[in-house]
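# Understanding the architecture of this molecule
These are the residues of each chain, in order.
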Amino acid sequence: MTTASSNTIKILRTVQQVRQWRRQCLLNGKTVGFIPTMGALHSGHCSLISQSLKDNHHTIVSIFVNPSQFAPHEDLEAYPRTLESDLKILEDFPKGNVVDAVFVPKISEMYPSGITLEVPKQKGAFVTVQGCSEQLEGASRPAFFRGVATVVTKLLNIVTPDQVYFGQKDAQQCVVIKNLVKDLLIDTNVNVLPTLRESNGLALSSRNAYLSDEVRDQSSIIYRALSNGKTFYETSTKKTNQPVKSSDILNEIHHTLESKPDNFNIEYISINHPQSLEELEFVEPGVGAIISTAVRVPKEKEEGEARLIDNVVLS
Ligand code: AMP
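Read on for an overview of the structure. (Residues numbered from 1 in each chain as written. Predicted model: local features only at pLDDT ≥ 70, side-chain atom pairs only at ≥ 80, totals over all residues. Heavy atoms only, no water.)

Lining the immediate surroundings of the ligand are 17 residues, of which Met 38, His 45, Asp 170, Leu 196 and Leu 204 lie closest. In this structure, Met 38 approaches the ligand through a main-chain N or O atom, which is 2.9 Å from an oxygen atom. When the ligand is considered free in solution it has 490 Å² of accessible area, and contact with the protein chains removes 92% of it. At the level of elements, strand E3 (32-37), helix H2 (43-55) and strand E6 (163-167) are the ones that each hand at least two residues to the shell around the ligand. With 3 residues, H2 is the largest single contributor of residues to the shell around the ligand. (Near = heavy atom within 4 Å. Polar contact = N/O pair within 3.5 Å; in protein donor to acceptor, adjacent residues only side chain to side chain. Areas by Shrake-Rupley, 256 points an atom, 1.4 Å probe, with all protein chains shown as cover. Helix = DSSP H or I, 4+ residues; strand = E, 2+ residues; numbered from the N terminus.)

Okay, here's the thing in structure tokens:
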């Protein structure tokens with residue numbers, strides 16, 4: 001076990017070290033909050049951490065770029081790895097309000113049977129959450145939620161937190177995790193917190209590091225378009241309290257997106273039930289919906305595109 005400088009955060013590298021730490025918390029009658037991350041920490045991650053620090057006696061963060069959620073052609077190699085600055089961000093929380101531990105495992109620690117990105121060649125145990133993993137992000141990234149559900153199951157098994165925290169930014173992930181915890185009878189409470197954004201509205205994301213300032217600026221159109229769809233829905237329901245046609249909301253969003261740059265490619269914009277993720281023809285007040293999108297935008301330094309996802313919630 002190693003300890004980071006002034007603010008004494010324990011850096012735990014092995015499953016056994018985390019279990020030992022967790023056991024001590026339990027013996028002392030203390031609650032534990034947990035925030036799983038892939039690092040490259042930003043204010044979005046920090047808002048989850050702050051909430052856990054408020055809610056629990058102890059907080060642990062994991063930093064692990066999970067290979068099994070990347071397809072062979074995706075950005076596993078390029079994904080930003082910034083452990084030193086991540087630790088600095090964690091140490092710089094106000095004194096007396098700092099996480100207790102960071103779990104930074106090696107791939108072999110998390111995948112004792114080994115892991116290859118090619119699903120048909122994989123060996124060992126994997127977790128799928130059927131019914132909510134196939135659509136939206138799952139349609140573009142078929143093994144993505146299998147990878148997410150697998151690593152989150154492992155992490156929850158290791159940490160056994162009282163509370164675990166996720167961001168609404170990854171709306172479908174939240175649905176997958178809630179179903180995972182429900183169906184596998186995992187003894188933890190799932191908290192979903194609002195999306196943090198840059199001042200122009202762009203959702204904070206570790207992948208924003210791929211963008212030039214110009215594209216970052218232009219990408220604000222994504223949230224503006226979703227917000228206009230939301231305002232259209234709210235204005236309609238305020239007047240009539242009747243269900244609103246999804247196609248009318250989508251028209252409003254597409255209208256805003258008419259002024260997007262030509263090299264922005266919209267993968268999908270979809271309106272879905274907030275729990276079942278079923279695509280909705282109408283949005284009913286009181287039931288609500290999630291409007292979500294994925295947009296591919298040019299990267300700054302290399303060929304290819306960065307995928308930005310975002311969503312707004314209708315109630
Ligand atoms: P990641 O490191 O991207 O796997 O994200 C770790 C956690 O932080 C996930 O629960 C994300 O949903 C959450 N998160 C990422 N971006 C944001 C954001 N802009 N606001 C709030 N939470 C976020």
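Let's shift gears to empty space enclosed by the protein. The full count for this structure, using the stated rule, is 2 cavities of 30 Å³ or more. Looking at the largest cavity, it is lined by 17 residues, and the ones nearest its centre are Glu 137, Asp 170, Ala 171, Gln 172 and Ile 309. Secondary-structure elements contributing two or more residues to the lining of the largest cavity are helix H6 (144-159), helix H7 (171-183), strand E11 (289-298) and strand E12 (305-314). The residue makeup of the lining of the largest cavity, split by class, is 8 nonpolar, 5 polar and 4 charged. For the second largest cavity, the calculated volume is near 30 Å³. Taken together, Ile 222, Ala 225, Leu 226, Ile 253, Leu 257, Ile 269, Thr 293 and Val 295 make up the lining of the second largest cavity. The greatest single-element share of the lining of the second largest cavity, amounting to 3 residues, is contributed by helix H9 (residues 220-240). (1 Å grid on protein atoms, 1.4 Å probe; cavity = no way out; pocket = protein on both sides within 12 Å on 5 of 7 lines; lining within 4 Å. Points joined across faces, edges and corners; volume = space filled by probe spheres on them. Nonpolar A, V, L, I, M, F, W, Y, C, P; charged D, E, K, R; others polar.)

Pairing is antiparallel across the open sheet formed by 3 strands, whose spatial order is E9-E11-E12. In the strand order of this sheet, the two ends are held by strand E9 (265-272) and E12, each with one partner. Neighbour-to-neighbour, the strand axes of the sheet open up by a mean angle of 10 degrees, direction not taken into account. In this sheet, E11 lies alongside E9 in antiparallel orientation, the contact comprising 7 bridges. Paired with Ile 269 across the strands is Thr 293, a residue of E11. Against the sheet, helix H10 (residues 246-257) engages E9, E11 and E12, with an angle of about 150 degrees to E9. (Pairing = 2+ DSSP bridges. Axes fitted to C-alpha atoms, helices over the stretch in contact; angles between N-to-C directions. Contact = heavy atoms within 4.5 Å.)

Evaluated as defined, the whole model comprises 2 aromatic pairs. On the basis of an interplanar angle of 80 degrees and a centroid distance of 5.9 Å, the ring pair of Phe 70 and Tyr 79 is categorised as edge-to-face. Residues Phe 70 and Tyr 79 agree in their burial class; the two are buried. Plain terms: the ring middles of Phe 144 and Phe 145 are 4.7 Å apart, the flat faces sit at 65 degrees to each other, and that makes the pair edge-to-face. Like Phe 145, Phe 144 is buried. Directly above the aromatic system of Phe 126 lies the positively charged group of Arg 146, at a separation of 4.2 Å from the ring centroid. Over the aromatic face of Tyr 210 sits the side chain of Lys 299, whose NZ or CZ is 4.6 Å from the ring centroid. (Phe/Tyr/Trp six-rings, centres within 6.5 Å; stacked < 30°, edge-to-face > 60°. Buried < 20%, exposed > 50% of the residue type's maximum accessible area, 1.4 Å probe, protein only. Lys NZ or Arg CZ within 6 Å of the ring centre and 35° of its normal.)

Interhelical geometry of H6 versus H7 gives an angle of 50 degrees and a closest axis separation of 10 Å. For the element pair H6 / H7, the angle class is oblique. Along this stretch, H6 crosses H7, giving a crossing that reads as right-handed. For the pair H6 and H7, the contacting residues are Phe 145, Val 148, Ala 149, Val 152, Thr 153 and Leu 156 in the first and Gln 172, Gln 173, Val 176, Ile 177, Leu 180 and Val 181 in the second. For the contact of H6 with H7, a count of residues per class yields 9 nonpolar, 3 polar and no charged. (Parallel < 35°, antiparallel > 145°, perpendicular 65-115°, else oblique. Left-handed = near helix turned anticlockwise from the far one by under 90°.)

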